[in-house]
Amino acid sequence: MLQLQNISKVYEGKVPFRALTDINLEVEKGEFVAIMGPSGSGKTTLLNIISTIDSPTTGTVLLDGKNPHQLGKNELARFRRRELGFVFQDFNLLHTLTVEENIVLPLTLDGVRVKEMKERAEKIAERLGISSILKKRTYEISGGQAQRTAIARAIIHGPKLLLADEPTGNLDSKASKDVLEMLVSINKQDKTSVLMVTHDPQAASYSDRVIFIRDGKLHSEIHRGESRQAFFQRIIDMLSLMGGEGRDFSAVRV
Amino acid sequence: MTFRQFAFNQVMRNKRLYMAYFLSSLFTVMVFFTFAIFAFHPAFRDGAVHRYVLFGMSVAGGIIYVFSFFFVLYSMSSFLHSRKREFGLLTVLGASSSQIRRLVFLENILIGFLATVGGIVTGLIFAKAILLIAENVLIIEESLDFYFPTLAIIVTFVSFMILFFCISLFVSFVLRTNKLIHLIKSDKLSKGEPKSSLWLAVLAAFLLLAGYGTALYVKGIQVVHAMVPVIVIVIIGTYLLFTQLSVYIIRRLKSNKNIFWRKTNMLLFSDLSFRMKDNARTFFLVAIISTVAFSAIGSLFGFHSYLTKGVKEANPYSFIYTPLQRTGEKEILEEIKQVDAILQEEHVSAKKETAVFHYFEMAGRHGGVLIAKASDYNRFAALLHKDPVFPKEDEAIIVEQSHVMMYQGKKASEILLENPLRLENGQVLRFNRIIESEVLPEVNGYYIVNDEIFDQLGTPLRSEINAVWQAAGGQKEQVIEAGRKLTEQLPIKTFSIDYALYEINKAYGPILFIGLFIGIVFFVSAGSFLYFRLFTDLDADKEKFRSVAKIGLAFSELKKVVNRQTALLFFAPIAVALVHGAVALTALSRMFDYDLTAESAFVLGSFAVIQIIYFLIVRFFYLKQLKKAVAV
């Protein structure tokens, strides 16, 4: 479903910096892929390129055979609000809006009827367990609730691809677990492909496949076979194999 | 939630963010509206005010409108800059650029509408005060009663709805959707320091010095010729001062580790250079706008005082009668009687002195030179409570020409000194003293001699009788009324200072009022620019101080940094503007050769005081915000 072909990214500037080199990657429909790597390895850059926030220097991104980077401005906007969903580490909710309004924002931008928006928001809120806070403003809710709101916003329009950048980075372990289980359920039930960038081996172990990148290059990938516990162990092993030690993976991304 | 509701919620739920923009828009509307209330006052439509005043007011209204346009545009663009990240997020969520433009458009229409209505309402509240002030400054016969300004409301409402509509269109097109990644990371990107070169920094200093030098060197009519080039040079110099010289100085300070690494200096300077590009532009704008305000108000004020004070000095008496040349003695005496009659009619009690002035032949002076008897002079001086003079029998006192005469070439005293005064017996009088005096109504300079020798001066070229009246205090209205009658019945020959001043103030009042109004508008908007600049960086500052507080920054230290930072922002451009204004007013005073020091000091001083108060208020709120955010 998602294909990356020879993606490279060079940041121009006084000191040109090569962030990504020849990345080739394919994500199947309904697959849950985690991207891991040390700080500065290019994970977020890769995610930004897929999400059309940033553009690649060379190479092509294909989503269902179409290259979103070649779309016109308005088509691109339509593409973002229909095909993609985003979850950020710092939630990025609009604090002028209530939880419910934040959730329906992509539909609002798309001009959907109010009644339909309301129904869909309620359905999703119930599913994510945030029905009780729908009328609250963003500064009145906890981090876990904020991230659930962000997930609701990301999936309300039924995107093909859900992109998550460190979705658990600002959450405690309980909230992290809830969020990850939610992502898994969205992935399994709606057949939405999920691409998640993370530092956290625990978070990565919820995925079907983990891709490791290092210094802007694909390093290796491992598939989840058996239990999550064993998968977690193999992720840890791979991280140490990559030359880093466990503690290289700081809890906070720079 | 529809898109329109979304735009509405954005504004209504985030009042603090929109407040600054809203308030400055509201302020602009209010200024325009109060001006409109005044300009459309029914009292003016009856032809009581000259046509040119009405013309002046419409021009002033136009200036305020055009200025409002740019002011609102500026406020809005700086407001939008602070929201780049939000636009980035919306784009990520799938908003097209036309949707973001529509959002901005809707927001602006909403704010514009509220600001227009709010401005009109606040304007109405202040209307009475404005009309009262106007009435006093303007000296209008009819009083400016409060009225319900339907026309002003309509004009203001329509003008500003058009203005906001145009600006909304304009800005939403200008709002470029930069690369998304830049929008999202906008708060972390510096616009960089402006490039600075030593050469340009030196040029800045040179241009300013050259401009100032020229402005201070030229005299009289030269000032007019030098004005445009000096203004251009100084504007360029000011621009370079802020973009080059200041950057250069900050660089030098930063490279000196003894200074840069000393306590909180590091925080202060690094921030200064980080924001220098934005700051330089704001500083330049503020400095120029304030200079315009200072110079405009200063020169109007100065000119006013030049007119009134000059006239007052030259005419110290309430009424003066000077006959036309070659008027018969009988006629003169009759006219003086006529003046007495008018004064009596108006119940003006005044002390009167008359004297015969004898003019003697003098080479190069048409109509001869006045040689006055000391006794005549002393009688007149007594009326004014001035010191009498007692010239000896072998001397003559020279009286300098009056201040009101614009002097070209030699002063009267120099000419009089070169002209020997010979008595009939051949004795030449000594000139020991030159005094300045306005006692006798003669502006061209004259001699005073001892009464004893007066008869030996020969036959005068001509003689005329002059009379002066000094009215007792506390009867201003009668004096003015008598002055009006005198001016009507005996024009040119009689002069009433109080009536003349009344006429000057009446003609000059509207100009002064309009000038003051526009000057204050400029000054306050300069203040708003500074406010915007400061609060655009509030979030960055919060972030910065929060992280520095973590490594140990006491609130007192934070206060010190913020103090200096804000003080620099508030006073650097104003200080430059004050110096500019002082130089401009000095040049003006040299043009008229009239001392404007007191007036300039008063005008510039009051602006400085207002700025200090403004600074203290803004700093208080800024610190409060920071304190809340940092919580140290």
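Only a predicted model underlies this, so the values are computations on that prediction, with no experimental measurement involved. Throughout, residues of each chain are indexed from 1 in the direction in which the sequence is written. Labels are handed out in written order, letters beginning with A for the chains and numbers beginning with 1 for the ligands. Two thresholds apply to this predicted model, a pLDDT of at least 70 for residue-level local features and 80 or more for giving and counting side-chain atom pairs, whereas whole-chain, interface and lining totals are computed over all residues. The side-chain numbers reported here are obtained from all heavy atoms of the structure, hydrogens and water having been left aside.

### What to know about the overall build of chain B
Check the secondary structure of chain B and you find 22 helices and 8 strands. When the 632 residues of chain B are sorted by exposure, 51% land in the buried category. Two residues form a contact once any of their heavy atoms are found within 4.5 Å. Restricting the contact set of chain B to residue pairs at least 6 apart, pairs at least 24 apart contribute 85%. Summing over all exposed atoms, chain B offers an accessible surface of approximately 30400 Å²; the carbon and sulfur share of this is 64%. Each helix is a run of H or I in the DSSP string that is no shorter than four residues. Each strand is a run of E no shorter than two, and both are numbered from the N terminus. Throughout, exposure labels follow a simple rule: accessible area from a 1.4 Å probe, protein chains only, divided by the maximum for the residue type, with under 20% read as buried, over 50% as exposed, and the rest as partly exposed. Here the accessible surface of atoms and residues is derived via Shrake-Rupley with a 1.4 Å probe, and residues count as covered only by protein chains that are part of the display.

### Comments concerning the pairing of strand β7 (residues 193-197) of chain A
Residue and element names in this part refer to chain A. Burial runs high along β7: 5 of the 5 residues are buried. Every second residue of β7 is oriented toward a common face, with Ser193, Leu195 and Val197 on one face and Val194 and Met196 on the other, all of them buried. Pairing between strands requires that DSSP locate at least two bridges from one strand to the other. Alignment of strand β3 (residues 32-36) against β7, held across 4 bridges, turns out to be parallel. Along β7, the bridge assignment pairs Ala34 with Met196. Bridge count for strand β6 (residues 161-165) against β7 is 5 bridges, and the pairing is parallel. When the bridges of β7 are listed, Leu163 appears paired with Leu195. At this point the chain moves from β6, through helix α6 (residues 173-190), to the parallel β7, and the crossover so formed is right-handed. For a crossover, the right-handed case is the one in which the path from the first strand over the helix to the second runs clockwise, viewed with the strands pointing away from the viewer.

### Quick word on the pattern of salt bridges
All names here are of chain A. The term salt bridge refers to a pairing of a side-chain nitrogen on Lys or Arg with a carboxyl oxygen on Asp or Glu at a separation within 4 Å. The full count for this structure, using the stated rule, is 20 salt bridges over all chains. Glu181 is the salt-bridge partner of Lys177, the closest N and O atoms lying 3.5 Å from each other. Here Lys177 and its partner Glu181 are both found in helix α6, 4 residues apart, which amounts to about one turn of the helix. Assessed through its relative accessible area of 43%, Lys177 is described here as partly exposed. Using a relative accessible area of 37% as the deciding quantity, one classes Glu181 as partly exposed. The network of salt bridges with shared partners includes Glu31, Arg209 and Glu221.

### Digging into the packing of helix α20 (residues 538-550) of chain B against helix α22 (residues 597-630) of chain B
Residue and element names in this part refer to chain B. Where α20 meets α22, the axes come as close as 9 Å, and the angle between the chain directions of the two elements is 50°. What the angle tells us is that α20 and α22 run oblique. As for how α20 packs across α22, the hand of that crossing is right-handed. Side by side, α20 and α22 meet where Leu538, Asp541, Lys542, Phe545, Arg546 and Ala549 of the first sit next to Tyr622, Gln625, Leu626, Ala629 and Val630 of the second. Residues are grouped as follows: Ala, Val, Leu, Ile, Met, Phe, Trp, Tyr, Cys and Pro are nonpolar; Asp, Glu, Lys and Arg are charged; all remaining types, including Gly, are polar. A per-class count over the contact of α20 with α22 returns 7 nonpolar, 1 polar and 3 charged. The convention used is that axes are lines fitted to C-alpha atoms, helices contributing only their stretch in contact, and that angles between N-to-C directions extend from 0 to 180 degrees. Throughout, the term roughly parallel applies to angles under 35 degrees, roughly antiparallel to angles over 145, roughly perpendicular to angles from 65 to 115, and oblique to all others. What makes a crossing left-handed is the near helix being turned counterclockwise from the far one by less than a right angle; a clockwise turn instead makes it right-handed.

### Observations regarding the sheet that holds strand β3 (residues 369-373) of chain B
Residues and elements named next belong to chain B. Strand order in this open sheet of 8 strands is β5-β4-β6-β3-β2-β7-β1-β8, and the pairing throughout is mixed. Looking at strand neighbours, the two that pair on one side only are β5 (430-435) and β8 (494-496), the edges of this open sheet. The sheet shows a mean angle of 25° between the axes of neighbouring strands, taken without regard to direction. Docked against the sheet, helix α15 (residues 374-383) engages β2 (350-360), β3, β5, β6 (446-449) and β7 (462-471), running at close to 150° with respect to β2.

### A closer look at a positive patch on the surface
Like-charged residues are merged into a patch within 9 Å and nonpolar side chains (Val, Leu, Ile, Met, Phe, Trp, Tyr) within 5 Å, provided each residue has over 30% relative accessible area and no salt bridge. When charges are tallied, Lys and Arg are placed among the positive residues and Asp and Glu among the negative ones, while His and the ends of the chain are skipped. Charge positions come from single atoms, namely NZ of Lys, CZ of Arg, CG of Asp or CD of Glu. On the surface, B:Arg262, B:Lys263, B:Lys560 and B:Arg564 cluster together into a positively charged patch. Tracing the chain through its elements places B:Arg262 in the loop between α11 (257-260) and α12 (265-274).

### Here we look at the interface of chain B and chain A
Taken together, the contacts link 25 residues of chain B with 29 residues of chain A. When two parts are put together, the accessible area they lose, computed with a 1.4 Å probe and summed over both, is reported as buried area. With both chains or domains summed, chain B and chain A bury close to 2400 Å², and 61% of this area falls on carbon and sulfur atoms. By the criterion of area lost to chain A, the three top residues of chain B are B:Met1, B:Arg13 and B:Leu93, representing 29% of everything that side buries. Our count for the chain B to chain A interface comes out at 1 salt bridge.

### Thoughts on a negative patch on the surface
On the surface, B:Glu393, B:Glu424, B:Glu452 and B:Asp455 cluster together to form a negatively charged patch. Along the polypeptide, B:Glu452 turns up in helix α17 (residues 451-454).

### Brief notes about the environment of B:Cys166
Checked against the element boundaries, B:Cys166 lands in helix α7 (residues 150-174). The sequence separation of B:Cys166 and B:Phe105 amounts to 61 residues, and the corresponding C-alpha distance is 9.9 Å.

### Some words on the environment of B:Ile511
Looking at where B:Ile511 falls in the secondary structure, it is placed in helix α19 (residues 497-536). A sequence separation of 454 residues divides B:Ile511 from B:Met57, and the C-alpha atoms of the two residues are 8.7 Å apart.

### Considering the confidence of the model for chain A
Any region with low pLDDT has predicted coordinates that should not be read closely. Residues and elements named next belong to chain A. Scored between 0 and 100, pLDDT is the confidence that the predictor attaches to each residue. Across chain A, the average pLDDT comes to 87, with 95% of residues at or above 70. Within chain A, the element-level pLDDT minimum falls on helix α2 (residues 73-83), averaging 84, and the maximum on β7, averaging 94. Contacts from residues 250-254, a stretch scored under 50 in pLDDT, to residues over four places away or in other chains number 7 contacts.

### Quick look at the pairing of β2(B)
Residues and elements named next belong to chain B. Looking at chain direction, β2 and β7 are connected through 10 bridges and run antiparallel. The residue of β7 that forms the bridge with Val356 is Ile465. Pairing of β2 with β3, which is carried by 3 bridges, proceeds in the antiparallel orientation. Following the sheet pairing, His358 is matched in β3 by Ile371.

### Some remarks on the confidence of the model for chain B
Overall, the predicted model of chain B reaches an average pLDDT of 79, with 92% of residues at or above 70. Note on the complex model: pTM 0.67, ipTM 0.76.

### Here we look at the nonpolar core
Counting 209 residues, the largest nonpolar core has A:Leu2 and A:Leu195 as the members making the most contacts within it. Those residues in contact with A:Leu195, other than ones at most four positions away along the chain, are A:Leu2, A:Val27, A:Val33, A:Ile35, A:Leu47, A:Ile50, A:Leu161, A:Leu162, A:Leu163 and A:Ala164. If you look at the next biggest cluster of nonpolar residues, it comprises 22 residues, including B:Ile320, B:Ala355, B:Phe357 and B:Ala372. To define a nonpolar core, start from buried Ala, Val, Leu, Ile, Met, Phe, Trp, Tyr and Cys residues and group those joined through side-chain atoms within 4.5 Å.

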